[in-house]
Amino acid sequence: MRALLPAVLVSAAVLPIGTAAQASTCSVPSLGTLTRADLPAGASVVDCQATGRVLRLGNAGVEIPAPGHGVGVAAVSATGAEQVFQVSVSDDGRISYPQSTEHNAGGAGIMASPSACSDGAYSLTGTEWFGTKYKWYIGDGGMPGALSQSKAQAAFADVINNITGSYNDCGLTDQVSALSQYMGTTTYESDISSSTTCTTPDGESTWDAGNLSTGVLAATCWWYQPSGQATNLTVEADVRYNTTDYNFTDSPSTCTSQYDVREVGTHEAGHVFGLGHVGSGHTNLTMYTASSACDTKERTLGKGDVLGLRALY
C-alpha cells in the first residue's frame, strides 16, 4: 500500500475523469487557493507545482495530493446547499475530477418525494473499503451536543452501525459486508481545517467537533488510492461537526432548534462508506442533501440508501 501523501479533492458535479486535453503550459497563480479553472483535467500537478496547494469549490476545499492519491469532501449545510467533490491524481501526475454516479434517480423534481421504502435512488462516490474494516477514533476535545467521550463514542458507533448493518424500516435484510472497529480516543484531530479543507491525512480516521466554514453543518473528508477502475480503495475518512456555529443534541424528544447528532452522523457515515448525495425528489432518504433542525428521519436508511450499500459491499 502506498504511503499517504498530501491529499486532493473531487467534486460530485465536476469534470469527468480523463477529460482529454493535457495542459502543455501552466498558468497556476503563485499564491492563494486554486480552482478547477486553474488546473483543468489533464493538467500535471507536478509540472504546475500544485501538490499541497489548496483547491476550493464553494465553501469546501482540499489540499491537492501527490501522484497516485485522491481525496474527496462532502460539506452539508443547514440550508441544503450541500456539495460533494473529489480530486484524483494519477501516477504520472495528471489531475482529474471524478463525478458521483447516480442510480435509479428517476423522479427528481417531482412535487412529492416517494416514501423512504419505495425510493430506490442512490449515488456512489466511487470509493469503498475493500475487504478492510473502517477503524475509527474519536478526538479528545469537545463533542457535539456537549456529550461526554463515552456518550459520543456510543452515538458515533450507532450511526456507523446504521450503515454497516443496513438499519431500515423497510424490511430489507442486511446484506452489506462493510465492517468497522472502534479504536479509542486519540490526540489527533480530524484532518479538516476551519475553512472546511481536507488537509494532509495523518493515518487515523477521526470523528470530532470544532469549527468549519460558515454555513457548513458537518463535513466528511476521505482519502483514497485511485485504481483506474470503477471503485477506488479508501484509506482514511474523517468526520467533523461544526459546533462553533450550530448546536446539536442527542435527545431529540427535547429538541428546540438543535441538530440531531445521530441523524447528521448517519448521513456522514454514508459518505465514509462511499455513498454520495441524492437531490430533489428524494427528500426521505438518508443521503438527501439537507438536514433540518430536530429532524431524525435520516437515522433510518431508505431503500435507495440500502441498495447503494449493497452495490458497494
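Rules behind the numbers
Chains are numbered independently. Their residues run from 1 in the order of the written sequence. This being a predicted model, a pLDDT of at least 70 is required before a residue's local features are given, and a value of 80 or more before pairs of side-chain atoms are given or counted; all residues contribute to the totals for chains, interfaces and linings. Side-chain numbers come from the whole structure's heavy atoms, not from hydrogens or water. Secondary structure counts use DSSP, requiring at least four H or I residues in a row for a helix and at least two E residues in a row for a strand, with both numbered from the N terminus. Relative accessibility under 20% of the residue-type maximum defines a buried residue, over 50% an exposed one, and the middle range a partly exposed one, all with a 1.4 Å probe and only protein chains included. Note on terminology: disulfide denotes any pair of cysteine sulfur atoms within 2.5 Å. Pairing between strands is defined by DSSP: at least two bridges between the two strands are required.

Participant: So, the environment of Val 45: which residues are in play, and what are the values?
Facilitator: With respect to the secondary-structure elements, Val 45 resides in the loop between β1 (9–11) and β2 (54–57). Here Val 45 falls in the buried class, since its relative accessible area comes to 1%. In this structure, the C-alpha to C-alpha distance between Val 45 and Pro 65, residues 20 residues apart in sequence, is 8.7 Å.

Participant: Which residues make up the state of the cysteines, and what values go with them?
Facilitator: For the structure shown, the criterion picks out four disulfides. Between the sulfur atoms of Cys 26 and its disulfide partner Cys 48 the distance amounts to 2.0 Å. Across the S-S bond linking Cys 26 and Cys 48, the dihedral sits near -75°, which makes this disulfide left-handed. In this pair, Cys 26 is assigned in the loop between β1 and β2 and Cys 48 in the loop between β1 and β2, connecting sequence segments 22 residues apart. Here Cys 26 falls in the partly exposed class, since its relative accessible area comes to 38%. On the basis of relative accessible area, Cys 48 is assigned to the buried category, the value being 9%. With its sulfur 2.0 Å from that of its partner, Cys 255 forms a disulfide with Cys 294. Where Cys 255 bonds to Cys 294 through sulfur, the torsion about that S-S bond is close to -80°, and the disulfide is left-handed. Residue Cys 255 is located in the loop between β16 (248–249) and β17 (259–260), and its partner Cys 294 is located in the loop between α2 (261–272) and α3 (303–312); the two are separated by 39 residues in the primary sequence. Note on Cys 255: relative accessible area 16%, which makes it buried. The disulfide pattern of the chain is 1-2, 3-4, 5-6, 7-8 when the bonded cysteines are numbered in sequence order.

Participant: Could you give me a rundown of the pairing of strand β4 (residues 69–77), with the residues and numbers involved?
Facilitator: In terms of burial, β4 is largely enclosed, as nine of its nine residues are buried. Residues His 69, Val 71, Val 73, Ala 75 and Ser 77 line one face of β4 and the alternating positions Gly 70, Gly 72, Ala 74 and Val 76 line the opposite face, and both faces are buried. As judged from the eight bridges shared by β4 and strand β14 (residues 216–225), these two strands associate in the antiparallel manner. What sits directly across from Val 73, in β14, is Cys 221.

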